[in-house]
2 protein chains.
Amino acid sequence: MMLLVIYDVSDNGKRTRLANSLKRYGMSRIQRSAFKGEVDSQRVKDLIRLIRREVDQTDVVHLVPLDPRNWEMRVVIGDEGGRNDGPATVV
Amino acid sequence: MMLLVIYDVSDNGKRTRLANSLKRYGMSRIQRSAFKGEVDSQRVKDLIRLIRREVDQTDVVHLVPLDPRNWEMRVVIGDEGGRNDGPATVV
């Protein structure tokens, strides 16, 4: 499943640990607090458990399934930071 | 079109103006730097032009079309801040 993970995490340490976890799950960073990648369904469940342990109640994390065709129609304004992974409309 | 807009904007003033613009386009905030909403195709073009004027080259904004069914399958960990707009798995 293609997945977008976006998050508001206040604590610097927790935010760094979360980013490292997402990288370990093979996701790539598209913004400071946004990752995207292919994660199979079982591992999504593991990821959810892991995130729940890592963040505070006042933080918020969204895991959004993506349709690859929708992802290709995304519009990127500015610099995806060289992490541009394939077709997109960069303006 | 259901649209997710996420952004990394460094300048506080620009970030506030962008958030206000997204609200004017009828989008609702789901995180500090993430909005979601229904925007018709013509207004998406206007929104892209507006965002391009408002942000710096070093900033990044993603506009991602969403499939409503995918959006309903999102997982929200933590507090969507009372802005929970309909079905989601909140864990």
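Bear in mind the structure is a predicted one, so any value in this text is a computation, not a measurement.

Engineer: Describe the relation of the copies chain A and chain B, naming the residues involved and giving the relevant values.
Structural biologist: When chain A is fitted to chain B, the residual RMSD is 0.0 Å, and the transformation amounts to a turn of 180° plus an axial shift of 0.0 Å. Taken together, the rotation and translation describe the operation of a two-fold axis. Interface overlap between copies: 100% of the residues of chain A at the interface are likewise at the interface in chain B, consistent with a symmetric, same-surface contact.

Engineer: Residues and numbers for the UniProt feature "binding site: Mg(2+)" (unreviewed entry) in chain A, please.
Structural biologist: Sequence positions flagged by UniProt for "binding site: Mg(2+)" (unreviewed entry) are, in local numbering, Asp-8 of chain A. Tracing the sequence through the fold places Asp-8 of chain A in strand 1 (residues 2–8). Those residues in contact with Asp-8 of chain A that sit more than four places away from it in its chain are Asp-59 and Val-60 of chain A together with Gln-31, Arg-32 and Ser-33 of chain B.

Engineer: Describe the pattern of salt bridges, listing the residues and the values that go with them.
Structural biologist: Across all of its chains, the model carries 8 salt bridges over all chains by this definition. With its nearest N and O atoms 2.6 Å apart, the salt bridge here joins Asp-67 of chain A to Arg-69 of chain A. Residue classification places Asp-67 of chain A among the buried residues on the basis of a relative accessible area of 12%. Between Asp-46 of chain B and Arg-49 of chain B there is a salt bridge, with its nearest N and O atoms 2.7 Å apart. One end of the pair is Asp-46 of chain B and the other is Arg-49 of chain B, both in helix 2 (residues 41–54) and 3 residues apart, which spans about a single turn. Owing to a relative accessible area of 46%, Arg-49 of chain B belongs among the partly exposed residues under this scheme.

Cut-offs used in this document
Residues numbered from 1 in each chain as written. Chains lettered and ligands numbered in written order. Predicted model: local features only at pLDDT ≥ 70, side-chain atom pairs only at ≥ 80, totals over all residues. Heavy atoms only, no water. Least-squares fit on C-alpha atoms with pLDDT ≥ 70 in both. Contact = heavy atoms within 4.5 Å. UniProt positions renumbered as here; feature names shortened; annotations may be inferred. Helix = DSSP H or I, 4+ residues; strand = E, 2+ residues; numbered from the N terminus. Salt bridge = Lys/Arg side-chain N within 4 Å of Asp/Glu carboxyl O. Buried < 20%, exposed > 50% of the residue type's maximum accessible area, 1.4 Å probe, protein only.

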